[in-house]
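Here is how the chains run, residue by residue.
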Amino acid sequence: MSKFVRTFLNSFKEYIVLILLLILSLLIITLNENQKVKNVRLFSLGIFATFNKIVLDISNYFEDTEHIEGLLKNNAQLMLQVNELRDYAYELDELKGQFEFKTKSDYKLISAQIVSRLVSKISGYFIISKGSIDSVEIGLPVITDKGLVGIVTDVSKNYSTIRTLENSLFKVAVRDQRSNVDGVLNWDGKDLQIKNVPTTEDIEVGDRVIVSELSTIIPPAIPVGVISNKESTISGILSNIKVKPFVDVNKIKNVLILKKKKDFELDSLITKVSGGLK
Amino acid sequence: MKIRIFKIILPIFIFLPVLFLQFIFVPMIAIGSIIPNLIIILLVYYSLKFGQLTGTILGSIYGILFDIISGGILGTAMFSNTIAGFSAGYFYNENKIEFNLETMFFIVVVFISSSLNSLFYLLLTSSEIKLTSSYLVFESGLLPGIYTAAISIPFVIFNKTKK
């Protein structure tokens, strides 16, 4: 019997090891949200990102990074203000004179450098050079002077991981800035899409898409992209909208983290609802 | 013992600078979102040199390290690299090690392993990806495979001239 087992193990050891390792990797996939696993990852990320940062610092030695960062911040702030004003303009048309202009443009931005990136059609993650020490928190939106880039998903002391728009797990509530039609934007591996929008909705190619007030993670009115295509599904009742992002995530080197203002009323409501559901 | 060190420990030490290159320099030569996978080239090299078992184990170690450092979903690269290492090891031949590492055969194996790796990585990391067969096979499997195979050509030439 033992001879048979030994012969069997010897003959099929490659297959046995393969199956065991595949099962192990599938088990690890289920452990992704475990805090201990997250801590190990943040530790490794910190070490690896430090090496990357040194290389980047050497390559950027002759660049006036402070000046560039300042300009990027200014541009981003202006972009957010312009977008807000555009929003007010649409609202002004709608309300015809009943509009009260309130300025809310006190955005706080943290500039960061992309230390490492994983360019892939489905798995867009960046590691950036700012962490908890710079008051970066999980869930903060990441932008450039052109628009939304992604969201912070993990934070270590000096570095953070961001999930970009071009990641199949990234989803955000958006709206058409002109017609106020809402939808959920996600990456389908090829394009940014808003799926299953009724064909009767007023959406046109060329409309600007911004983060919606319905988004509980990212503050509203951050520009996302422009509608590039609209195609009906087979049933003809619904359509899928393609969005061309303002930011080409594969080409950027620096980003800005937007410190959002906490909406306590909304947050407490969400806490109440989620508490009630539990 | 010495053999074991060469089979597992040394490839892990070599893996770290390769991973570093993969993250820092490889994105600079990306064509759109198609990037060559240097880790697979290294994995295929060791699979063809030491056999299928080493290839499979190394694949999973490379994969888990990649997952930890990349910030992606833990376990996905481990799964796809294990399959890549196993499939590369399938072409291992004790009597033809040098031939396999110094000829076009190496590039073909890199292409197969890299394509399989990209394909399984996509399958595991996608949630709402349009999984049409043409997209899955061509854009997400074959194109990264072709690019990686092309990048492995200098590696073969280097192996040949080293001799």
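Reading the values: the criteria
- Per-chain numbering applies: the sequence of each chain, read as written, is numbered from 1 onward.
- By the order in which they are written, chains take letters starting at A while ligands take numbers starting at 1.
- Reporting in this predicted model follows two pLDDT cut-offs: at least 70 for local features of residues, and 80 or more for side-chain atom pairs to be given and counted; totals over whole chains, interfaces and linings ignore these cut-offs and use all residues.
- With hydrogens and water set aside, each side-chain value is computed from the structure's full complement of heavy atoms.
- A run of DSSP states H or I qualifies as a helix once it reaches four residues; a run of E qualifies as a strand once it reaches two. Both are numbered from the N-terminal end.
- Summary of the burial criterion: residues with accessible area below 20% of their type's maximum are buried, those above 50% are exposed, and those between are partly exposed, where the area comes from a 1.4 Å probe applied to protein chains only.
- Only heavy atoms matter for contacts: two residues are in contact if any of them lie within 4.5 Å across the pair.
- Per-residue accessibility takes into account occlusion by the displayed protein chains alone, with areas from the Shrake-Rupley method and a 1.4 Å probe.
- Accessible-area loss on putting two parts together, using a 1.4 Å probe and summing over both, is the definition of buried area adopted here.
- A pairing counts as a salt bridge when a side-chain nitrogen of Lys or Arg comes within 4 Å of a carboxyl oxygen of Asp or Glu.
- A 3.5 Å cut-off defines polar contacts: any pair of N or O atoms within that distance qualifies, except that in protein one atom must be a possible hydrogen donor and the other a possible acceptor, and neighbouring residues in sequence count only when both atoms are side-chain atoms.
- Any residue that is not Ala, Val, Leu, Ile, Met, Phe, Trp, Tyr, Cys, Pro, Asp, Glu, Lys or Arg is counted as polar, Gly included; the first ten are nonpolar and the last four charged.
- The span expected for a helix works out to 1.5 Å for each residue beyond the first.
- Bend angle per residue: angle between axes fitted to the 7 residues ending at that residue and the 7 residues starting there.
- Known as pLDDT, the predictor's confidence for each residue is given on a scale from 0 to 100.
- Strands qualify as paired when DSSP identifies two bridges or more between them.
- Distance thresholds for patches are 9 Å for like charges and 5 Å for nonpolar side chains (Val, Leu, Ile, Met, Phe, Trp, Tyr), applied to residues having over 30% relative accessible area and no salt bridge.
- Two kinds of site are reported from a 1 Å grid over the protein atoms alone, namely cavities, where a 1.4 Å probe fits but cannot get out, and pockets, open sets with protein on both sides within 12 Å along at least five of seven lines, and residues are called lining when an atom falls within 4 Å of a point.
- Grid points are joined across faces, edges and corners, and a volume is the space filled by probe spheres set on the points.
- For every element, the axis is a line fit to its C-alpha atoms; helices are fit only across the contacting stretch, and the angle between N-to-C directions ranges from 0 to 180 degrees.
- For classification purposes, angles smaller than 35 degrees are called roughly parallel, those larger than 145 roughly antiparallel, those between 65 and 115 roughly perpendicular, and all remaining angles oblique.

Peer 1: Just give me the short version of the overall build of chain B, but keep the residues and values in it.
Peer 2: Each helix and strand in chain B was counted, giving 8 helices and 0 strands. Across chain B, helices and strands are ordered from the amino to the carboxyl terminus as α-α-α-α-α-α-α-α. Evaluated residue by residue, chain B yields a buried proportion of 56% over its 163 residues. In chain B, of all internal contacts separated by at least 6 residues, the share reaching a separation of at least 24 is 70%. Total accessible area on chain B stands at roughly 7,100 Å², and carbon and sulfur atoms take up 73% of it.

Peer 1: Now, about the interface of chain B and chain A: what can you tell me, with residues and values included?
Peer 2: Size of an interface, as often reported, equals the accessible area lost when the parts are brought together. Opposite the 43 residues of chain B that make contact, chain A presents 42 residues. At the boundary of chain B with chain A, total buried surface from both sides reaches about 3,900 Å², with 70% on carbon and sulfur atoms. Across the chain B-chain A interface, the total number found is 0 salt bridges. Counting every contact that joins chain B to chain A gives 0 residue pairs in polar contact (both at pLDDT 80 or more). Elements with a minimum of two residues in the side of chain B that touches chain A: helix H1 (2-24), helix H3 (52-70), helix H4 (76-89), helix H6 (104-125) and helix H7 (133-151) of chain B. Here the element with the most residues in the side of chain B that touches chain A is H3(B); it accounts for 11 residues. The residue inventory of the side of chain B that touches chain A, partitioned by class, reads 25 nonpolar, 14 polar and 4 charged.

Peer 1: So what's going on with helix H1 (residues 2-30) of chain A? Residues and values would help.
Peer 2: With 29 residues, H1(A) should cover 42 Å at 1.5 Å per step; its first-to-last C-alpha distance of 36 Å lies more than 12% under that length. Within H1(A), the axis deviates most sharply at Phe12(A), by approximately 75°. Residues of H1(A) that are buried include every one of Glu14(A), Leu18(A), Leu21(A), Leu22(A), Ser25(A) and Ile28(A), and no others. Against H3 and H4 of chain B lie the buried residues of H1(A).

Peer 1: Any chance you could break down the confidence of the model for chain B for me, citing the residues and the numbers?
Peer 2: All names here are of chain B. On average, residues of chain B score 83 in pLDDT, and 85% of them are at 70 or above. Ranking the helices and strands of chain B by mean pLDDT puts H4 first, with 93, and H7 last, with 77. The ipTM for the predicted assembly is 0.86, set against a pTM of 0.70.

Peer 1: Any chance you could break down the pairing of strand E10 (residues 223-232) of chain A for me, citing the residues and the numbers?
Peer 2: Remember that side chains alternate between the two faces of the sheet whenever the strand is regular. Residue and element names in this part refer to chain A. Both strand E9 (residues 208-211) and E10 contribute to a ladder of 3 bridges, which runs antiparallel. Directly across from Val209, in E10, lies its bridge partner Gly225. Relative to strand E11 (residues 238-245), E10 runs antiparallel, the two being bridged by 7 bridges. Bridge pairing links Gly225 to Pro245 in E11.

Peer 1: Outline the pattern of salt bridges, listing residues and values.
Peer 2: Residue and element names in this part refer to chain A. With the rule as written, the count across this model stands at 5 salt bridges over all chains. In this structure, Arg178 engages Glu204 in a salt bridge whose closest nitrogen and oxygen atoms are separated by 4.0 Å. Placement of Arg178 in the loop between strand E6 (171-176) and strand E7 (182-187) and of Glu204 in the loop between strand E8 (192-198) and E9 is noted, with a sequence separation of 26 residues between them. A salt bridge links Arg178 to Asp207; the nearest nitrogen and oxygen atoms lie 2.8 Å apart. Here the residue Arg178 occupies a position in the loop between E6 and E7, and Asp207 occupies one in the loop between E8 and E9, the gap between them amounting to 29 residues.

Peer 1: How would you explain a nonpolar patch on the surface if you had to name every residue and give the values?
Peer 2: Residues Met1(A), Phe4(A), Val5(A), Phe8(A), Leu9(A), Phe12(A), Tyr15(A), Ile19(A), Ile23(A), Leu27(A) and Tyr90(B) make up a contiguous nonpolar surface patch of roughly 1,200 Å² in combined accessible area. Looking at the element boundaries, Tyr90(B) is found in the loop between H4 and helix H5 (97-102).

Peer 1: Explain the pairing of E9(A) to me, using residue names and the numbers behind them.
Peer 2: Pairing analysis gives 3 bridges linking E6(A) to E9(A), with the strands arranged antiparallel. Bridge assignment links Arg175(A) to a residue of E9(A), and that residue is Ile210(A).

Peer 1: Talk me through the layout of surface pockets; I want residue IDs and the actual numbers.
Peer 2: Roughly 760 Å³ of volume is contained in the second largest pocket. As for the second largest pocket, its lining consists of 31 residues, and the residues nearest its centre are Leu56(A), Ile114(A), Arg117(A), Ile252(A) and Lys253(A). Counting only elements with at least two residues in the lining of the second largest pocket, the list comes to helix H2 (35-59), helix H3 (65-95) and strand E1 (108-118) of chain A together with H1 of chain B.

Peer 1: Quick one: what's the story with the packing of H2(A) against H3(B), residue by residue and with numbers?
Peer 2: Relative orientation of the contacting elements H2(A) and H3(B) amounts to 80°, with a least axis distance of 7 Å. Judged on the interaxial angle alone, H3(B) and H2(A) are roughly perpendicular. Along the contact surface, H2(A) presents Arg41(A), Ser44(A), Leu45(A) and Phe48(A), while H3(B) presents Asp67(B), Ile68(B) and Ile69(B). The class makeup of the residues in the contact of H2(A) with H3(B) is 4 nonpolar, 1 polar and 2 charged.

Peer 1: Please provide a residue-by-residue account of the environment of Ile57(B), values included.
Peer 2: Residues and elements named next belong to chain B. If you trace the backbone, Ile57 turns up in helix H3. When its relative accessible area of 29% is taken as the criterion, Ile57 is described as partly exposed. In the structure, Ile57 is positioned 29 residues away from Phe86 in sequence and 8.4 Å away in space, judged by C-alpha atoms.

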